[in-house]
Amino acid sequence: MISGDTSQREMILRVATKLFAGLGYDGTSTRQIAEAVGLNVATISYHVGSKRELYLAVMARANNAHRAMLETAVEDLVAAPQEDKLATAHRLIDLYIDFCAEHPEFPALWTHRWLADASDVTGLEPEYVQPLAQLVIDTIKATLDVDPDADVDYTVNTLIWCSHSFVLSGVFDKAGERHGADDPRALRRFRAHMHHLLHRALGLPGDPP
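Numbers given for residues are sequential positions, taken from 1 along each chain in its written order. Local features in this predicted model are restricted to residues of pLDDT 70 or higher, and side-chain atom pairs are both shown and tallied only at a pLDDT of 80 or more, whereas totals for entire chains, interfaces and linings draw on every residue. Note that water and hydrogens are dropped before the side-chain values are worked out from all heavy atoms of the structure.

**Some details on the overall build of the protein chain**
In step 1: If you tally the helices and strands in the protein chain, you get nine helices and two strands.
In step 2: When its helices and strands are written in sequence order, the protein chain yields α-α-α-α-α-α-α-α-β-β-α.
In step 3: Based on the C-alpha atoms only, the size of the protein chain along its principal axes is roughly 60 × 45 × 35 Å.
In step 4: We call a residue buried when its accessible area falls under 20% of the maximum for its residue type, exposed when it is over 50%, and partly exposed in between, using a 1.4 Å probe and counting protein chains only. With 209 residues in all, the protein chain has 43% of them scored as buried.
In step 5: For the protein chain, the share of sequence-separated contacts (at least 6 apart) that also reach a separation of at least 24 residues comes to 65%.
In step 6: Throughout, the Shrake-Rupley method with a 1.4 Å probe supplies accessible areas, and for residues the shown protein chains are the sole cover considered. Summed over all atoms, the accessible surface of the protein chain reaches about 11,400 Å², with 54% contributed by carbon and sulfur.
In step 7: Note on charges: Lys and Arg go in the positive column, Asp and Glu in the negative column, and His and the chain ends are not counted at all. The atom standing in for a charge is NZ when the residue is Lys, CZ when it is Arg, CG when it is Asp and CD when it is Glu. Side chains of the protein chain carry 19 positive and 29 negative charges; the gap between the two charge centres is 6 Å. For helices the rule is a DSSP run of H or I covering at least 4 residues; for strands it is a run of E covering at least 2, with both sets numbered from the N terminus onward. The contact definition used throughout considers only heavy atoms, calling two residues in contact when any of these lie within 4.5 Å.

**Some details on helix α3 (residues 41-48)**
In step 1: Every buried residue of α3 is accounted for by Ile44, His47 and Val48. On an axial view of α3, the arc spanned by its buried residues comes to 75°, and they lie on one face. Facing away from the buried side of α3 by over 90 degrees, the exposed positions are Ala42 and Tyr46.
In step 2: Two N or O atoms count as a polar contact when they lie within 3.5 Å, although within protein this holds only if one can serve as hydrogen donor and the other as acceptor, and sequence-adjacent residues are included solely when both atoms are side-chain atoms. Of the residues that open α3, the one with a side-chain oxygen 3.2 Å from the backbone nitrogen of Ala42 is Asn40.
In step 3: Looking one or two residues beyond α3, the residue adopting positive phi is Gly49, at roughly 90°. Read the arc as the range of directions from the helix axis to the C-beta atoms.

Quick look at the structure:
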């Protein structure tokens, strides 16, 4: 059974995640979060502490979901029979794109940081981003028949950059209309493009799926 305190804290984290993702850490005040939740500032502080502590809790919560997805995908790639590893690696691409599309707050939180938001809250990238990216990089190098001249580090980061940008910004069509992850046709086209781009960048054998 979830206690009232736990339930309120979870509600605060969900609302704070949306506000930090939309406005950034610097653009969001504790008062805004309190008003959006329907509680007073003192109650917010009781459950999560200061704005900085709340932000750290939001980022930890987002990272936990991201880590669970990636670690499972990596475990599947390592465990896959040799003849299935290529298909499993492409499945990892799909899982990452799907995760970003289903949780747009995740790329939004990190994109704000890339644009110098929350510059006084340091240490999150080496704690959360680098270890998971390195896990994927190392696993690809160890399990796939990668071209020796391929830059696996930049290829993995290309997946991150492109997926975040597509989910948050989409792409323009010939008429100047923007289409993103909420457009099934655009999402299919983006997904196919990423499969081809990463397959070729890594110099993998055969054709991408």
